[in-house]
Every structure is written in structure tokens, then in C-alpha cells.
Amino acid sequence: MINELLQQVRVIDPVSETDQIADVLIVEGEIKAIAPEISEFSADTVIKDCRGLVVGTGLVDLYSHSSEPGFEERETLVSFLQAAQAGGFTRLTVLPDTNPAIDNPALVVQLQQKRVEKGSPHLQVWGGMTLDVAGKQLTEFADLVTAGVVGFTDGKPWENLGIVRRVLEYLQPFGKVVAFSPCDRSLSLNGAMREGAEALRIGLPPIPAIAETSAIAALLELVAEIRTPVHIMRVSTARSVELIATAKFQGLPVTASTTWMHLLLNTADIKSYHTSLHLEPPLGNASDVKALRAGVRGGVIDAIAIDHAAFTYEEKVQAFAESPPGAIGLELALPLLWSNLVETGEFTALELWRVLSNQAAACLQQEMKAIKLGEKAELTLFDPEKIWTVNRQNLCSLADNTPWFGKEIKGRVLQTWC
């Protein structure tokens, strides 16, 4: 293992709430020193001039889609992990919507034991809550907990609110994270974008905000009665932020996340009809984006998720509403969030790093260690000024379904320590 001295790097540590310029000495994967200047180190230490660079606690992705097993033509597990590492993520949490689905202990163990290259992110697994398509038969929760799942979710809207109640009752004793993606399908129907003036202009079938907010309201009523802690995934509307804020004020055990693209883009961007802008839930109106950003800064939204979803060229090259919803993002999220939120002064560096790192870990009931003497190095080194083109040569992901494909962006991760 290489010993490294990062000289005059900007150290962003949301755990200890510090943002400082310092030297950081890493010896055999452990932080041996952090000081304004380090002059004592072994002869075999690699010295790196890190002026202008940022090192922070490792990034944590709450949920993304693995194409393996079942959809390896989209992406392999190896390329998935490589994309996460290239994006600065040291922990990657897989949704259970593989084929076969992650609803049995054997598959959990198989994924966790998958051979990947040294230094890859720690792979974590969500266990599925239901076995059948109708969502009426529950999985064997105890067996999945023993196998090591980080929590439970189906990663998609529920079909039956009665099953949600049963899940909350049955899972309460296990103390695991229970996550839901709220949407009332009877209200969203065949919609493809958020209802509003832009949907009328663009001519795509609309999805009303109430499809999400009515589902969140119902879920919060169940939480108020049963008191099982839940995580609300993919928050995308201004009213959803209000409902969650009220629930937290009332003391309900709720955490929430939005996705990185919902913080950067809105319905006006869909005028290009780029199918990588077809997301579930759909991009919000400008007022939704404003409320989501305020919710993240104010702590109502606890974390930013990536929700990386790889698709083949053939799957995405069709009519907007007919294309499968989703886009890749593991390699793009940090650079684009930094350049659009931090460099503009809307977020501080600490505020952004916090919701991508230690607060994301907290939503999974995990801890992120501070950057200090004696701790194992779980770090991300980032160059906020590096310009690069999003193309096939520069992406580790095998997929290219992103609206930024072919474009230049600023900021790139240089290294991770896992």
C-alpha cells in the first residue's frame, strides 16, 4: 500500500464541521497526521501537491440500480462499481430490482462476495420487501437481515397501502431502514412529466404533484400510528417538502432524500425531448427545484441520492414517454452539483458534502468517521477545476444515457480511499 502526503489540500470534513487547508499524511490506509504543514514522513512516501484540490469524507450513495444480475447488456457489476469509484463514492447501495430480484439471502451473499478490484467501493444491498409483482407476499425479513441487507425497500411505488402497513408492523422489531418511493399510480397513470405550463407547451402527458404528495401523506399517517422509522425516497415536489417538514416538527421518525438531477434541472429542460430527462418521479417545475434546494439546506431533506440507472442505446432511442425512466449519474453528480450549487454560492462546500456523505450514511443507520489522526482513510480527492468531456472514453459506466453526454463539464474526482 502506497504512503501518501497530500500537501496543502482543502480538507472538507462535515463530521467535525471543518473546512481548512492542511497537509494530510496517509500511511497504509490510515490517517497518520493532519496539520497545517507536515515535514516528517518516510522516504517512500509519495508527495502530492494538492493546491486547489479538495479532500473530503467518502461519498455515500443511498440507492442506485445494478444491472447485474439480469441486465448485463446495460452494465456489469464491475463497471457499476468502477463508475461509483470514479465518482468519489466509497459506499454504494444497490436497489433490489435486479433479475432475479434481491429477495432471498443467497443472492445477497452472492452480491456481497462478488470479486471486484482492490479499492472498490463497499457494496451494500437493499433487501426487497415483497416477492410477487402485485406486492402482496412479503419476503422473509429475518433471513435477509441475517444475510446482511442494509435495509428494506421495493424501490418503486406500492400497489397496496394495506401491505405498507403490514411491512411497517412486521419490520419494526428488526431495527432496519425501511424506504419507500411514494406515488399514487391511479393519479400518475401514463404521465411522463410534471403537470404545469411546461407540460402543456411541450405536449407530454402530465403527472400531477398530488400523485406524490397524497402518497406521502398516507405514508406519514401510517408512521404516526405505527412509529416505525421510514426513509422517503425521491422527493420531487415543493408540497412534499412541506409535508415532511411538518412530520419532522411533530417528531415522526422520518428521513428523506431527493436525487441530484431533481436539484439541477426542471421541466423547462425537457423541451429538448432528451429521453435521459425522462425520470421517475419526473423533474419538477422551477418552484419545486427551489423548494428542494431549500429543503436540503434546511435539513428537511437529509441526503442527495444518485439513483443511477443504466440503459442501452436501443432502450432509450424512442419516443420520450415510451422510453424507460432513468439516467446514469455516479460519475457526474459531484462535479455538476459543485459547479451549479457551490461555485454559485447557493450552498457552502460543507453543506453539499454533508448531504452526499455523512448524512447519507446516517439515513442508512451508519456512521462516517471524521478526518482525524488514527482513523482509517475513507476519503475522496476532488479537483473542482478540471475540465473533461463526458464521452465513451472518459466514462467507466458502460451506459451513456445522460443529458450531459458529449458535453464538457467542470470538476472531476481524482482518487478515493476505501
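Residues numbered from 1 in each chain as written. Predicted model: local features only at pLDDT ≥ 70, side-chain atom pairs only at ≥ 80, totals over all residues. Heavy atoms only, no water.

Per the counting criterion, the structure on display carries five aromatic pairs. Between F141 and F152, the aromatic rings sit 5.1 Å apart at their centres with planes inclined by 70°, giving edge-to-face as the arrangement. Within this pair, whereas F141 is found in helix α3 (residues 141-147), its partner F152 is found in strand β9 (residues 151-152), the two being separated by eleven residues in sequence. Judged on exposure class, the residue F141 and its partner F152 are both buried. By the ring-pair criterion, three or more aromatic residues cluster together here, those being W338, W353 and F382. A cation over a ring is seen here: R74 above F71, with NZ or CZ 4.4 Å from the ring centre. Over the ring of F347 we find R297, and its NZ or CZ is 5.9 Å from the ring centre. (Phe/Tyr/Trp six-rings, centres within 6.5 Å; stacked < 30°, edge-to-face > 60°. Helix = DSSP H or I, 4+ residues; strand = E, 2+ residues; numbered from the N terminus. Buried < 20%, exposed > 50% of the residue type's maximum accessible area, 1.4 Å probe, protein only. Lys NZ or Arg CZ within 6 Å of the ring centre and 35° of its normal.)

A word on empty space enclosed by the protein. Applying the stated criterion to the full structure yields three cavities of 30 Å³ or more. Approximately 40 Å³ is the volume found for the second largest cavity. Lining the second largest cavity are I31, M368, K369, A370, I371, K376, E378 and L379. Considering only residue class, the lining of the second largest cavity consists of five nonpolar, no polar and three charged. (1 Å grid on protein atoms, 1.4 Å probe; cavity = no way out; pocket = protein on both sides within 12 Å on 5 of 7 lines; lining within 4 Å. Points joined across faces, edges and corners; volume = space filled by probe spheres on them. Nonpolar A, V, L, I, M, F, W, Y, C, P; charged D, E, K, R; others polar.)

Estimates place the volume of the largest pocket at around 530 Å³. Counting residues per element, the lining of the largest pocket draws most heavily on helix α9 (residues 260-264), at three residues. A class-by-class count of the residues in the lining of the largest pocket yields twelve nonpolar, eight polar and eight charged. Reported here for the second largest pocket is a volume of approximately 460 Å³. Around the second largest pocket, the lining is made up of 16 residues, and of these M1, G29, T416, W417 and C418 lie nearest the centre. Considering every element that reaches the lining of the second largest pocket, the biggest residue donor is strand β17 (residues 408-417), with three residues. Each residue belonging to the lining of the second largest pocket can be placed in one class, and the counts come to six nonpolar, five polar and five charged.

This next bit is on the pairing of strand β6 (residues 59-64). Burial within β6 is extensive, with six of its six residues counted as buried. Viewed along the sheet, the connection from β6 through helix α1 (residues 77-86) into strand β7 (residues 89-94) turns out right-handed. (Right-handed = clockwise from strand over helix to strand, strands pointing away.)

Moving on, we come to the side chain of H278. Mapped onto the elements, H278 comes out in the loop between α9 and α10 (286-298). A distance of 2.9 Å separates a polar atom in the side chain of H278 from the backbone oxygen of S323. In this view, H278 contacts A192, K316, F320, A321, S323, P324, P325 and G326; residues no more than four positions away in its chain are not counted. (Polar contact = N/O pair within 3.5 Å; in protein donor to acceptor, adjacent residues only side chain to side chain. Contact = heavy atoms within 4.5 Å.)

Opposite charge on two side chains permits them to pair, given that their charged atoms come into close proximity. Per the counting criterion, the structure on display carries 21 salt bridges. R185 is paired through a salt bridge with E280; the nearest N and O atoms lie 2.5 Å apart. Of this pair, R185 sits in helix α5 (residues 185-188) while E280 sits in the loop between α9 and α10, and the two are 95 residues apart along the sequence. Salt-bridge contacts for K410 lead to E343; the nearest nitrogen and oxygen are separated by 3.1 Å. Remark: E343 occurs in the loop between α12 (333-342) and α13 (349-356) and K410 occurs in strand β17; sequence separation between them is 67 residues. With a relative accessible area of 37%, E343 lands in the partly exposed category. Ionic contacts of the salt-bridge type, sharing partners, join the residues R165, E169 and E225 into one network. (Salt bridge = Lys/Arg side-chain N within 4 Å of Asp/Glu carboxyl O.)

A word on α13. Among the eight residues that make up α13, eight are buried, leaving the element largely enclosed by the rest of the structure. Listed as buried for α13 are A349, L350, E351, L352, W353, R354, V355 and L356.

Attention shifts here to the sheet that holds strand β15 (residues 303-305). An order of β6-β7-β8-β9-β10-β13-β14-β15 is seen for the eight strands of this open sheet, with the pairing classed as parallel. The sheet is open, and its two edges are formed by β6 and β15, each paired on a single side. Sheet topology places strand β14 (residues 254-259) next to β15; three bridges connect them, and they run parallel. By the bridge assignment, S257 is partnered in β15 with A303. Against the sheet, helix α4 (residues 161-171) contacts β9, β10 (177-180) and β13 (230-232), and its axis sits at roughly 170° relative to β10. Contacts from α13 reach β6 and β15, with the element oriented near 65° to β15. (Pairing = 2+ DSSP bridges. Axes fitted to C-alpha atoms, helices over the stretch in contact; angles between N-to-C directions.)

Working note: a packed helix pair is described by the angle between its axes plus the distance between those axes. For the pair helix α7 (residues 210-226) and helix α8 (residues 238-249), interaxial distance at closest approach is 9 Å and the crossing angle is 15°. Judged by the inter-axis angle, α7 sits roughly parallel to α8. The two elements α7 and α8 meet at a crossing, and its hand is right-handed. On the side of α7, the interface is formed by E212, T213, I216, A217 and L220, while α8 contributes R239, S240, L243 and A247. Across the contact of α7 with α8, the residue classes tally to five nonpolar, two polar and two charged. (Parallel < 35°, antiparallel > 145°, perpendicular 65-115°, else oblique. Left-handed = near helix turned anticlockwise from the far one by under 90°.)

Let us now look at unusual backbone geometry. Leaving glycine out, the prevailing phi sign among residues is negative, and the prevailing peptide bond configuration is trans. With an omega of 10°, the peptide bond running from E68 to P69 counts as cis. Residue placement: P69 occurs in the loop between β6 and α1. That bond from E280 to P281 is cis: its omega, 0°, falls within 30 degrees of zero.

By themselves, these observations are geometric and do not establish any function.
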